[in-house]
Amino acid sequence: MAADPALAERFDLKHLPDAFYDDPYPTYRALREHAPVKRLPDGGVFLSRYADVVAVYKDAATYSSDKHEEFSPKYGASPLYEHHTTSLVFNDPPLHTRVRRLIGGALTPRHIAAMEGRLVDRVDHLLDAIAAQGPGAEVDLIAAFASAIPVEIIGNLLDVPNEERAPLRDWSLAILGALEPALSEAQLEQGNRAVREFLRYLEGLVERRRAAPGDPEVDVLTRLIEGEGGEALSAPELLHNCIFLLNAGHETTTNLIGNGLACLLEWPGEKERLVAEPALVTRAVEEFLRFESSNQLGNRITTRATEIAGAALAPRTQVTLGIGAANRDPEAFPDPDRLDITRAPNRHVAFGSGIHQCVGMGLARLEGRVAIGRFLARFPRYRFAAPPVRARRARFRGHARLLVVADPIPSTPQETSA
Ligand code: HEM
(Lines give C-alpha, C1' and ligand atoms only; values in the text may rest on other atoms or scores of the structure.)
Protein backbone atom coordinates (compact mmCIF):
# COMPACT_ATOMS: atom_id res chain seq x y z
CA MET A 1 0.00 0.00 0.00
CA ALA A 2 1.33 3.45 -0.92
CA ALA A 3 2.05 5.91 1.87
CA ASP A 4 -0.47 8.67 2.54
CA PRO A 5 0.52 11.64 0.31
CA ALA A 6 -1.19 14.05 2.74
CA LEU A 7 1.53 13.32 5.32
CA ALA A 8 4.17 14.54 2.86
CA GLU A 9 2.02 17.46 1.76
CA ARG A 10 1.51 18.75 5.33
CA PHE A 11 5.06 18.15 6.54
CA ASP A 12 6.62 21.19 8.19
CA LEU A 13 9.59 20.61 10.49
CA LYS A 14 8.68 23.69 12.50
CA HIS A 15 5.10 22.57 13.12
CA LEU A 16 5.10 18.87 13.83
CA PRO A 17 1.99 17.11 15.12
CA ASP A 18 2.22 15.12 18.38
CA ALA A 19 1.90 11.81 16.51
CA PHE A 20 5.16 12.55 14.71
CA TYR A 21 7.18 12.47 17.94
CA ASP A 22 5.76 9.04 18.80
CA ASP A 23 6.27 7.59 15.34
CA PRO A 24 7.88 9.67 12.59
CA TYR A 25 8.31 6.74 10.20
CA PRO A 26 4.97 6.89 8.30
CA THR A 27 5.76 10.54 7.54
CA TYR A 28 9.30 9.73 6.47
CA ARG A 29 7.94 7.02 4.17
CA ALA A 30 5.42 9.42 2.63
CA LEU A 31 8.21 11.93 2.04
CA ARG A 32 10.48 9.35 0.38
CA GLU A 33 7.65 8.22 -1.89
CA HIS A 34 5.92 11.52 -2.71
CA ALA A 35 8.31 14.40 -1.99
CA PRO A 36 11.93 13.21 -1.64
CA VAL A 37 13.15 16.81 -1.95
CA LYS A 38 10.45 18.40 0.17
CA ARG A 39 10.27 22.20 0.02
CA LEU A 40 9.58 23.56 3.50
CA PRO A 41 7.61 26.73 4.23
CA ASP A 42 10.81 28.47 5.47
CA GLY A 43 12.50 27.99 2.07
CA GLY A 44 14.68 25.04 3.05
CA VAL A 45 14.41 21.47 1.82
CA PHE A 46 14.15 18.13 3.63
CA LEU A 47 15.81 15.05 2.11
CA SER A 48 14.53 11.61 3.04
CA ARG A 49 16.13 9.17 0.58
CA TYR A 50 19.32 7.34 1.54
CA ALA A 51 21.12 8.04 -1.76
CA ASP A 52 20.44 11.79 -1.54
CA VAL A 53 21.49 12.05 2.10
CA VAL A 54 24.75 10.20 1.39
CA ALA A 55 25.40 12.36 -1.71
CA VAL A 56 25.14 15.52 0.43
CA TYR A 57 27.42 14.13 3.15
CA LYS A 58 30.05 13.28 0.53
CA ASP A 59 30.11 16.77 -1.04
CA ALA A 60 31.26 19.12 1.71
CA ALA A 61 32.28 21.79 -0.81
CA THR A 62 28.72 22.22 -2.11
CA TYR A 63 26.97 21.49 1.20
CA SER A 64 28.58 23.51 3.97
CA SER A 65 28.24 22.81 7.71
CA ASP A 66 28.74 26.48 8.62
CA LYS A 67 25.73 27.64 10.63
CA HIS A 68 26.25 31.41 11.01
CA GLU A 69 23.48 32.20 8.54
CA GLU A 70 20.99 29.66 9.92
CA PHE A 71 21.58 30.38 13.60
CA SER A 72 21.70 34.18 13.48
CA PRO A 73 17.90 34.63 13.28
CA LYS A 74 17.32 31.60 15.50
CA TYR A 75 19.50 32.66 18.46
CA GLY A 76 20.32 36.38 17.89
CA ALA A 77 23.56 37.57 19.49
CA SER A 78 23.59 35.14 22.39
CA PRO A 79 25.73 32.50 24.15
CA LEU A 80 23.92 29.77 22.17
CA TYR A 81 24.85 31.50 18.92
CA GLU A 82 28.50 31.81 19.91
CA HIS A 83 28.58 28.21 21.11
CA HIS A 84 27.00 26.47 18.16
CA THR A 85 28.85 28.53 15.53
CA THR A 86 32.23 27.81 17.14
CA SER A 87 31.98 24.04 17.55
CA LEU A 88 33.69 21.84 14.97
CA VAL A 89 30.53 20.11 13.81
CA PHE A 90 29.04 23.39 12.61
CA ASN A 91 32.17 24.61 10.85
CA ASP A 92 33.99 23.89 7.63
CA PRO A 93 37.74 23.41 7.25
CA PRO A 94 40.17 24.79 8.42
CA LEU A 95 38.77 25.19 12.00
CA HIS A 96 36.93 21.90 11.64
CA THR A 97 40.06 20.04 10.53
CA ARG A 98 42.25 21.37 13.35
CA VAL A 99 39.83 20.54 16.14
CA ARG A 100 38.88 17.18 14.67
CA ARG A 101 42.52 16.10 14.50
CA LEU A 102 43.06 17.02 18.14
CA ILE A 103 40.02 15.11 19.39
CA GLY A 104 40.42 12.15 17.02
CA GLY A 105 43.99 11.51 18.17
CA ALA A 106 42.68 10.47 21.60
CA LEU A 107 39.90 8.26 20.20
CA THR A 108 41.78 5.73 18.11
CA PRO A 109 40.69 2.06 18.33
CA ARG A 110 43.61 1.47 20.73
CA HIS A 111 42.43 4.24 23.09
CA ILE A 112 38.86 3.03 22.96
CA ALA A 113 39.83 -0.58 23.71
CA ALA A 114 41.70 0.71 26.77
CA MET A 115 38.47 2.27 28.12
CA GLU A 116 36.53 -1.00 28.19
CA GLY A 117 37.62 -2.17 31.66
CA ARG A 118 36.44 0.98 33.45
CA LEU A 119 33.25 0.98 31.43
CA VAL A 120 32.43 -2.61 32.39
CA ASP A 121 32.98 -1.75 36.07
CA ARG A 122 30.67 1.24 35.83
CA VAL A 123 27.95 -0.72 34.02
CA ASP A 124 28.14 -3.59 36.52
CA HIS A 125 27.91 -1.15 39.40
CA LEU A 126 24.69 0.30 37.93
CA LEU A 127 23.30 -3.19 37.33
CA ASP A 128 24.06 -4.12 40.95
CA ALA A 129 22.08 -1.09 42.10
CA ILE A 130 19.11 -2.12 39.93
CA ALA A 131 19.26 -5.71 41.22
CA ALA A 132 19.42 -4.43 44.80
CA GLN A 133 15.95 -2.93 44.39
CA GLY A 134 14.65 -6.49 44.54
CA PRO A 135 12.24 -8.57 42.45
CA GLY A 136 9.25 -6.71 41.05
CA ALA A 137 10.75 -3.25 41.53
CA GLU A 138 10.02 -0.77 38.77
CA VAL A 139 13.09 0.92 37.33
CA ASP A 140 13.37 3.83 34.91
CA LEU A 141 16.11 2.60 32.59
CA ILE A 142 16.89 6.12 31.36
CA ALA A 143 17.53 7.63 34.78
CA ALA A 144 18.99 4.55 36.48
CA PHE A 145 21.07 3.19 33.64
CA ALA A 146 21.24 4.66 30.12
CA SER A 147 21.97 8.26 31.12
CA ALA A 148 24.47 7.34 33.82
CA ILE A 149 26.93 5.65 31.44
CA PRO A 150 27.87 8.33 28.86
CA VAL A 151 28.37 11.00 31.53
CA GLU A 152 31.11 8.86 33.04
CA ILE A 153 32.78 8.02 29.76
CA ILE A 154 32.84 11.57 28.44
CA GLY A 155 33.78 12.87 31.88
CA ASN A 156 36.77 10.50 31.84
CA LEU A 157 37.75 11.65 28.37
CA LEU A 158 38.18 15.24 29.57
CA ASP A 159 39.16 14.08 33.05
CA VAL A 160 36.39 16.08 34.75
CA PRO A 161 36.64 15.34 38.49
CA ASN A 162 33.91 12.88 39.54
CA GLU A 163 32.34 15.18 42.10
CA GLU A 164 31.93 17.91 39.46
CA ARG A 165 29.99 15.84 36.90
CA ALA A 166 26.47 16.22 38.25
CA PRO A 167 25.38 19.28 36.19
CA LEU A 168 26.83 18.03 32.89
CA ARG A 169 23.74 16.13 31.74
CA ASP A 170 21.29 18.98 32.33
CA TRP A 171 23.58 21.50 30.60
CA SER A 172 23.90 19.13 27.70
CA LEU A 173 20.15 18.51 27.41
CA ALA A 174 19.44 22.23 27.46
CA ILE A 175 22.09 23.14 24.87
CA LEU A 176 21.19 20.35 22.47
CA GLY A 177 17.48 20.93 23.08
CA ALA A 178 17.98 24.37 21.57
CA LEU A 179 18.82 22.68 18.25
CA GLU A 180 15.19 21.58 17.82
CA PRO A 181 13.65 22.93 14.59
CA ALA A 182 11.07 24.99 16.54
CA LEU A 183 11.97 26.59 19.88
CA SER A 184 10.00 28.07 22.76
CA GLU A 185 11.21 31.11 24.72
CA ALA A 186 11.79 28.84 27.71
CA GLN A 187 13.99 26.46 25.69
CA LEU A 188 16.03 29.42 24.42
CA GLU A 189 16.46 30.80 27.91
CA GLN A 190 17.46 27.41 29.35
CA GLY A 191 19.93 26.85 26.51
CA ASN A 192 21.58 30.25 26.96
CA ARG A 193 21.80 29.83 30.71
CA ALA A 194 23.37 26.39 30.27
CA VAL A 195 26.05 27.75 27.90
CA ARG A 196 26.88 30.54 30.38
CA GLU A 197 27.16 28.16 33.32
CA PHE A 198 29.08 25.58 31.34
CA LEU A 199 31.58 28.24 30.14
CA ARG A 200 32.11 29.49 33.68
CA TYR A 201 32.75 25.95 34.87
CA LEU A 202 35.13 25.12 32.01
CA GLU A 203 37.16 28.31 32.44
CA GLY A 204 38.04 27.09 35.92
CA LEU A 205 38.75 23.55 34.74
CA VAL A 206 41.02 24.78 31.92
CA GLU A 207 42.90 27.01 34.35
CA ARG A 208 43.50 24.03 36.67
CA ARG A 209 44.55 21.82 33.77
CA ARG A 210 46.98 24.43 32.44
CA ALA A 211 48.59 24.50 35.88
CA ALA A 212 48.70 20.70 36.09
CA PRO A 213 48.52 19.21 32.57
CA GLY A 214 47.32 15.65 32.08
CA ASP A 215 48.72 13.02 29.73
CA PRO A 216 48.00 14.35 26.21
CA GLU A 217 47.94 10.76 24.97
CA VAL A 218 44.60 10.14 26.71
CA ASP A 219 43.39 13.45 28.15
CA VAL A 220 41.48 15.29 25.42
CA LEU A 221 41.36 18.55 27.39
CA THR A 222 45.16 18.65 27.64
CA ARG A 223 45.37 17.88 23.92
CA LEU A 224 43.00 20.72 23.07
CA ILE A 225 44.87 23.14 25.36
CA GLU A 226 48.27 22.25 23.90
CA GLY A 227 47.15 22.28 20.26
CA GLU A 228 49.30 20.78 17.56
CA GLY A 229 52.34 22.00 15.62
CA GLY A 230 52.36 25.26 17.62
CA GLU A 231 48.78 25.98 16.53
CA ALA A 232 46.72 26.33 19.69
CA LEU A 233 42.97 27.01 19.65
CA SER A 234 41.75 30.46 20.67
CA ALA A 235 40.13 30.66 24.14
CA PRO A 236 36.53 30.60 22.80
CA GLU A 237 37.38 27.78 20.35
CA LEU A 238 38.81 25.71 23.17
CA LEU A 239 35.89 26.22 25.56
CA HIS A 240 33.10 25.78 23.02
CA ASN A 241 34.62 22.63 21.56
CA CYS A 242 34.92 21.14 25.05
CA ILE A 243 31.24 21.90 25.58
CA PHE A 244 30.42 20.34 22.23
CA LEU A 245 32.39 17.21 23.00
CA LEU A 246 30.80 16.81 26.40
CA ASN A 247 27.38 17.24 24.79
CA ALA A 248 27.92 15.16 21.65
CA GLY A 249 28.53 11.97 23.53
CA HIS A 250 25.74 12.33 26.07
CA GLU A 251 22.17 12.29 24.89
CA THR A 252 22.99 10.43 21.66
CA THR A 253 24.54 7.51 23.52
CA THR A 254 21.91 7.53 26.27
CA ASN A 255 19.33 7.22 23.51
CA LEU A 256 21.21 4.42 21.76
CA ILE A 257 21.08 2.37 24.97
CA GLY A 258 17.47 3.29 25.78
CA ASN A 259 16.24 2.79 22.20
CA GLY A 260 18.01 -0.58 22.00
CA LEU A 261 16.52 -1.88 25.24
CA ALA A 262 13.03 -0.66 24.25
CA CYS A 263 13.33 -2.13 20.72
CA LEU A 264 14.10 -5.55 22.17
CA LEU A 265 10.90 -5.47 24.24
CA GLU A 266 8.91 -4.41 21.19
CA TRP A 267 10.47 -7.26 19.13
CA PRO A 268 10.47 -10.23 21.55
CA GLY A 269 11.68 -12.69 18.91
CA GLU A 270 14.83 -10.58 18.39
CA LYS A 271 15.29 -10.35 22.16
CA GLU A 272 15.20 -14.14 22.46
CA ARG A 273 17.77 -14.46 19.68
CA LEU A 274 20.11 -12.08 21.44
CA VAL A 275 19.64 -13.74 24.82
CA ALA A 276 20.42 -17.12 23.20
CA GLU A 277 23.43 -15.77 21.30
CA PRO A 278 25.01 -12.83 23.16
CA ALA A 279 27.80 -12.48 20.60
CA LEU A 280 25.22 -10.97 18.23
CA VAL A 281 25.22 -7.79 20.31
CA THR A 282 27.73 -6.03 18.06
CA ARG A 283 25.44 -6.40 15.04
CA ALA A 284 22.35 -5.70 17.15
CA VAL A 285 23.80 -2.31 18.13
CA GLU A 286 24.18 -1.42 14.43
CA GLU A 287 20.54 -2.35 13.90
CA PHE A 288 19.36 -0.21 16.85
CA LEU A 289 21.35 2.68 15.38
CA ARG A 290 19.64 2.19 12.03
CA PHE A 291 16.15 1.37 13.25
CA GLU A 292 15.79 4.13 15.87
CA SER A 293 18.63 6.51 15.04
CA SER A 294 19.45 8.57 18.12
CA ASN A 295 20.28 11.54 15.94
CA GLN A 296 17.52 11.86 13.35
CA LEU A 297 18.44 15.09 11.59
CA GLY A 298 21.51 16.72 10.06
CA ASN A 299 21.89 20.15 8.47
CA ARG A 300 23.82 21.72 5.62
CA ILE A 301 23.63 24.90 3.50
CA THR A 302 24.38 25.06 -0.23
CA THR A 303 27.42 27.13 -1.17
CA ARG A 304 26.37 27.42 -4.84
CA ALA A 305 23.50 26.61 -7.18
CA THR A 306 23.20 22.86 -7.47
CA GLU A 307 20.80 20.03 -8.13
CA ILE A 308 19.74 16.98 -6.14
CA ALA A 309 17.47 14.18 -7.34
CA GLY A 310 16.52 16.39 -10.30
CA ALA A 311 15.51 19.35 -8.09
CA ALA A 312 17.32 22.68 -8.44
CA LEU A 313 18.68 24.23 -5.24
CA ALA A 314 19.59 27.91 -5.13
CA PRO A 315 22.78 29.05 -3.37
CA ARG A 316 22.28 29.40 0.43
CA THR A 317 19.45 26.83 0.58
CA GLN A 318 19.17 25.19 3.98
CA VAL A 319 19.13 21.43 3.61
CA THR A 320 17.89 19.12 6.38
CA LEU A 321 19.16 15.57 6.12
CA GLY A 322 16.63 13.01 7.29
CA ILE A 323 18.97 10.50 8.90
CA GLY A 324 16.10 8.54 10.43
CA ALA A 325 14.25 8.59 7.09
CA ALA A 326 17.31 7.48 5.10
CA ASN A 327 17.89 4.61 7.51
CA ARG A 328 14.41 3.25 6.69
CA ASP A 329 14.77 3.58 2.91
CA PRO A 330 13.81 0.27 1.24
CA GLU A 331 16.23 1.08 -1.61
CA ALA A 332 19.08 0.67 0.88
CA PHE A 333 17.62 -1.72 3.48
CA PRO A 334 15.31 -4.61 2.50
CA ASP A 335 12.22 -4.77 4.73
CA PRO A 336 13.35 -1.58 6.50
CA ASP A 337 10.58 -1.41 9.11
CA ARG A 338 11.58 -4.76 10.53
CA LEU A 339 14.15 -4.96 13.35
CA ASP A 340 16.69 -7.60 12.33
CA ILE A 341 19.61 -7.86 14.74
CA THR A 342 21.64 -9.83 12.19
CA ARG A 343 21.01 -7.46 9.28
CA ALA A 344 23.92 -7.47 6.84
CA PRO A 345 24.98 -5.37 5.14
CA ASN A 346 23.87 -2.51 7.36
CA ARG A 347 25.41 0.69 6.01
CA HIS A 348 23.30 3.08 8.05
CA VAL A 349 24.05 6.79 8.34
CA ALA A 350 23.33 7.09 12.07
CA PHE A 351 26.82 8.55 12.52
CA GLY A 352 26.62 10.67 9.37
CA SER A 353 29.23 10.20 6.64
CA GLY A 354 32.03 12.15 4.97
CA ILE A 355 34.36 14.64 6.68
CA HIS A 356 32.08 15.23 9.69
CA GLN A 357 31.32 11.58 10.38
CA CYS A 358 31.03 11.09 14.12
CA VAL A 359 34.46 11.09 15.82
CA GLY A 360 33.02 9.23 18.80
CA MET A 361 31.36 6.37 16.95
CA GLY A 362 33.84 3.76 18.16
CA LEU A 363 33.18 4.86 21.71
CA ALA A 364 29.40 4.96 21.23
CA ARG A 365 29.47 1.45 19.78
CA LEU A 366 31.51 0.19 22.72
CA GLU A 367 29.11 1.79 25.22
CA GLY A 368 26.10 0.33 23.39
CA ARG A 369 27.60 -3.13 23.21
CA VAL A 370 28.72 -3.27 26.85
CA ALA A 371 25.59 -1.66 28.31
CA ILE A 372 23.00 -3.61 26.32
CA GLY A 373 24.94 -6.88 26.39
CA ARG A 374 25.55 -6.85 30.13
CA PHE A 375 22.03 -5.67 30.95
CA LEU A 376 20.52 -8.52 28.97
CA ALA A 377 22.82 -11.11 30.51
CA ARG A 378 21.73 -9.97 33.96
CA PHE A 379 18.03 -9.28 33.33
CA PRO A 380 16.96 -11.43 30.33
CA ARG A 381 13.33 -11.41 31.50
CA TYR A 382 12.94 -7.63 31.88
CA ARG A 383 9.58 -6.26 30.73
CA PHE A 384 7.76 -2.95 30.37
CA ALA A 385 6.14 -1.76 33.59
CA ALA A 386 4.37 1.05 31.68
CA PRO A 387 4.27 2.21 28.06
CA PRO A 388 7.59 3.93 27.23
CA VAL A 389 7.41 7.74 27.14
CA ARG A 390 9.20 9.37 24.24
CA ALA A 391 11.05 12.67 24.75
CA ARG A 392 9.29 15.18 22.52
CA ARG A 393 12.25 15.82 20.28
CA ALA A 394 12.50 15.60 16.50
CA ARG A 395 16.30 15.70 16.34
CA PHE A 396 17.43 13.48 19.21
CA ARG A 397 15.18 10.43 19.34
CA GLY A 398 14.97 8.80 22.74
CA HIS A 399 12.84 8.34 25.83
CA ALA A 400 12.01 10.61 28.70
CA ARG A 401 11.05 7.52 30.74
CA LEU A 402 11.48 3.81 30.15
CA LEU A 403 9.90 2.06 33.09
CA VAL A 404 10.60 -1.67 33.32
CA VAL A 405 10.51 -4.49 35.83
CA ALA A 406 13.98 -5.98 35.83
CA ASP A 407 13.95 -9.17 37.87
CA PRO A 408 17.49 -10.46 38.09
CA ILE A 409 18.27 -14.05 37.24
CA PRO A 410 19.85 -15.78 40.21
CA SER A 411 23.60 -15.51 39.81
CA THR A 412 24.93 -17.88 42.51
CA PRO A 413 23.96 -21.37 43.69
CA GLN A 414 22.99 -19.98 47.15
CA GLU A 415 20.57 -17.50 45.55
CA THR A 416 19.05 -20.29 43.44
CA SER A 417 18.24 -22.43 46.44
CA ALA A 418 17.05 -19.52 48.59
C1 HEM B 1 24.96 6.81 19.49
C2 HEM B 1 25.75 7.81 19.72
C3 HEM B 1 26.10 8.86 18.72
C4 HEM B 1 25.47 9.25 17.57
C5 HEM B 1 24.19 8.67 16.97
C6 HEM B 1 26.24 10.32 17.00
C7 HEM B 1 25.92 10.95 15.80
C8 HEM B 1 26.71 11.88 15.18
C9 HEM B 1 26.45 12.44 13.87
C10 HEM B 1 25.26 12.09 12.98
C11 HEM B 1 27.45 13.29 13.59
C12 HEM B 1 27.66 14.07 12.30
C13 HEM B 1 27.13 15.46 12.33
C14 HEM B 1 27.18 16.13 10.98
O15 HEM B 1 27.71 15.59 10.00
O16 HEM B 1 26.64 17.22 10.87
C17 HEM B 1 28.33 13.32 14.74
C18 HEM B 1 29.45 14.11 14.85
C19 HEM B 1 30.26 14.13 15.97
N20 HEM B 1 30.18 13.31 17.07
FE21 HEM B 1 28.81 11.87 17.39
N22 HEM B 1 27.31 10.59 17.81
C23 HEM B 1 27.27 9.72 18.87
C24 HEM B 1 28.18 9.63 19.90
C25 HEM B 1 29.29 10.41 20.05
C26 HEM B 1 30.26 10.32 21.12
C27 HEM B 1 30.24 9.28 22.24
C28 HEM B 1 31.15 11.32 20.92
C29 HEM B 1 32.36 11.72 21.73
C30 HEM B 1 33.17 10.97 22.32
C31 HEM B 1 30.79 12.02 19.71
C32 HEM B 1 31.48 13.07 19.16
C33 HEM B 1 31.20 13.65 17.94
C34 HEM B 1 31.99 14.72 17.37
C35 HEM B 1 33.20 15.39 18.01
C36 HEM B 1 31.39 15.03 16.13
C37 HEM B 1 31.80 16.11 15.16
C38 HEM B 1 32.63 15.54 14.05
C39 HEM B 1 32.95 16.53 12.99
O40 HEM B 1 32.28 17.55 12.83
O41 HEM B 1 33.94 16.27 12.29
N42 HEM B 1 29.64 11.45 19.21
N43 HEM B 1 27.87 12.43 15.69
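Residues numbered from 1 in each chain as written. Predicted model: local features only at pLDDT ≥ 70, side-chain atom pairs only at ≥ 80, totals over all residues. Heavy atoms only, no water.

1. Overview of the site of the ligand
Line of reasoning, step 1. Taken together, 28 residues form the shell around the ligand, and within it His96, Arg100, Arg300, His356 and Cys358 come nearest.
Line of reasoning, step 2. Arg300 is positioned such that a nitrogen or oxygen atom in its side chain is 2.9 Å from an oxygen atom of the ligand.
Line of reasoning, step 3. At 2.6 Å, a side-chain N or O of His356 approaches an oxygen atom of the ligand.
Line of reasoning, step 4. Among the elements of the structure, helix H7 (95-104), helix H10 (148-157), helix H14 (235-248), helix H15 (251-266) and helix H19 (361-378) are those that each provide at least two residues to the shell around the ligand. (Near = heavy atom within 4 Å. Polar contact = N/O pair within 3.5 Å; in protein donor to acceptor, adjacent residues only side chain to side chain. Helix = DSSP H or I, 4+ residues; strand = E, 2+ residues; numbered from the N terminus.)

2. Some points on the packing of helix H8 (residues 109-131) against H10
Line of reasoning, step 1. The interhelical angle for the contact between H8 and H10, taken along N-to-C directions, is 150 degrees, at an axis separation of 10 Å. What the angle tells us is that H8 and H10 run roughly antiparallel. The way H8 lies across H10 gives a crossing that is right-handed. Residues Met115, Arg118, Leu119, Arg122, Val123 and Leu126 of H8 form the contact with H10, whose participating residues are Ala148, Ile149, Glu152, Ile153, Asn156 and Leu157.
Line of reasoning, step 2. Across the contact of H8 with H10, the residue classes break down as eight nonpolar, one polar and three charged. (Axes fitted to C-alpha atoms, helices over the stretch in contact; angles between N-to-C directions. Parallel < 35°, antiparallel > 145°, perpendicular 65-115°, else oblique. Left-handed = near helix turned anticlockwise from the far one by under 90°. Contact = heavy atoms within 4.5 Å. Nonpolar A, V, L, I, M, F, W, Y, C, P; charged D, E, K, R; others polar.)

3. A few points about unusual backbone geometry
Line of reasoning, step 1. For the bond from Pro93 to Pro94, the omega torsion is 10 degrees, close enough to zero to count as cis.
Line of reasoning, step 2. Tracing the backbone shows Pro94 in the loop between helix H6 (79-86) and H7.
Line of reasoning, step 3. Here the residue pair Ala344 and Pro345 is connected by a cis peptide bond, since its omega of -5 degrees sits within 30 degrees of zero.
Line of reasoning, step 4. Relative to the elements of secondary structure, Pro345 occurs in the loop between helix H18 (323-326) and H19.
Line of reasoning, step 5. Of note, Asp159 is a non-glycine position whose phi angle comes to about 50 degrees, a positive value.
Line of reasoning, step 6. Note on placement: Asp159 falls in the loop between H10 and helix H11 (168-177).
Line of reasoning, step 7. A relative accessible area of 43% places Asp159 in the partly exposed class.
Line of reasoning, step 8. With a phi angle near 65 degrees, Arg316 is a residue other than glycine that sits in the positive phi range.
Line of reasoning, step 9. Its place among the elements puts Arg316 in the loop between strand S7 (311-313) and strand S8 (318-322). (Buried < 20%, exposed > 50% of the residue type's maximum accessible area, 1.4 Å probe, protein only.)

4. A few points about the environment of Tyr21
Line of reasoning, step 1. Residue placement: Tyr21 occurs in helix H2 (residues 18-22).
Line of reasoning, step 2. Sequence separation of Tyr21 and Arg397 is 376 residues, and the distance between their C-alpha atoms is 8.4 Å.
Line of reasoning, step 3. Setting aside residues up to four positions removed in sequence, Tyr21 forms contacts with Leu16, Glu180, Arg390, Arg392, Arg393, Ala394 and Arg397.

5. Overview of the state of the cysteines
Line of reasoning, step 1. Taken as a whole, this structure holds zero disulfides when the rule is applied.
Line of reasoning, step 2. In this structure Cys242 is a free cysteine whose sulfur lies 17 Å from that of Cys358, the closest cysteine sulfur available.
Line of reasoning, step 3. No disulfide involves Cys263; its sulfur sits 19 Å from the nearest other cysteine sulfur, which is in Cys358. (Disulfide = S-S within 2.5 Å.)

6. Remarks on the side chain of Arg32
Line of reasoning, step 1. Inspection of the secondary structure assignment puts Arg32 in helix H3 (residues 25-34).
Line of reasoning, step 2. The buried charged residue Arg32 lacks any salt bridge partner; its closest oppositely charged side chain belongs to Asp329, at an N-O distance of 4.3 Å.
Line of reasoning, step 3. At 3.2 Å, the side chain of Arg32 forms a polar contact with the backbone oxygen of Arg328.
Line of reasoning, step 4. Setting aside residues no more than four positions away along its own chain, Arg32 makes contact with Ser48, Arg49, Ala325, Arg328, Asp329 and Pro330. (Lys, Arg positive; Asp, Glu negative; His and termini not counted. Salt bridge = Lys/Arg side-chain N within 4 Å of Asp/Glu carboxyl O.)

7. A short note on helix H17 (residues 281-291)
One turn of an α-helix holds 3.6 residues; hence residues three or four places apart share an orientation.
Line of reasoning, step 1. Across the 11 residues that make up H17, a large majority, nine, are buried.
Line of reasoning, step 2. The complete set of buried residues in H17 reads Val281, Ala284, Val285, Glu286, Glu287, Phe288, Leu289, Arg290 and Phe291.
Line of reasoning, step 3. Packed against the buried residues of H17 are H3, H15, helix H16 (268-276) and H19.

8. Remarks on the sheet that holds strand S4 (residues 138-140)
Line of reasoning, step 1. Taken in spatial order, the three strands of this open sheet run S4-S12-S9, and their pairing is antiparallel. Looking at which strands have only one partner, the edges of the open sheet turn out to be S4 and strand S9 (383-384).
Line of reasoning, step 2. Pairing of S9 with strand S12 (residues 403-405), which is carried by two bridges, proceeds in the antiparallel orientation. The residue bridging Phe384 from the neighbouring strand is Val404, located in S12. (Pairing = 2+ DSSP bridges.)

9. What about the environment of Arg369?
Line of reasoning, step 1. Along the chain, Arg369 falls in helix H19.
Line of reasoning, step 2. On a C-alpha basis, the gap between Arg369 and Ala166 in space is 25 Å, while along the polypeptide they are 203 residues apart.

10. Digging into the pattern of salt bridges
Line of reasoning, step 1. Following the criterion strictly, the structure yields 25 salt bridges and no others.
Line of reasoning, step 2. Notably, a salt bridge pairs Arg209 with Asp219, separated by 2.9 Å at the nearest N-O pair. Residue Arg209 is found in helix H12 (residues 185-211), and its partner Asp219 is found in the loop between H12 and helix H13 (220-226); the two are separated by 10 residues along the sequence.
Line of reasoning, step 3. Owing to a relative accessible area of 8%, Arg209 belongs among the buried residues under this scheme.

11. Comments concerning the side chain of Arg290
Line of reasoning, step 1. You can see Arg290 is positioned in helix H17.
Line of reasoning, step 2. There is a polar contact of 3.0 Å between the side chain of Arg290 and the backbone oxygen of Pro336.
Line of reasoning, step 3. Leaving out residues up to four positions away in the same chain, Arg290 has contacts with Asn327, Arg328, Phe333, Pro336, Arg338, Arg343, Asn346 and His348.

12. Some remarks on the packing of aromatic side chains
Line of reasoning, step 1. Throughout the structure, instances matching the rule amount to 15 aromatic pairs.
Line of reasoning, step 2. Between Phe145 and Phe375, the ring centres sit 5.6 Å apart and the planes meet at 45 degrees, which makes this aromatic pair tilted. Within this pair, whereas Phe145 is found in helix H9 (residues 141-146), its partner Phe375 is found in helix H19, the two being separated by 230 residues in sequence.
Line of reasoning, step 3. The buried category is assigned to Phe375, whose relative accessible area is 0%.
Line of reasoning, step 4. The ring of Tyr25 carries the charged tip of Arg328 above its face, separated from the ring centre by 3.6 Å.
Line of reasoning, step 5. The aromatic ring of Phe291 is capped on one face by Arg328, whose charged end is 3.8 Å from the ring centroid. (Phe/Tyr/Trp six-rings, centres within 6.5 Å; stacked < 30°, edge-to-face > 60°. Lys NZ or Arg CZ within 6 Å of the ring centre and 35° of its normal.)

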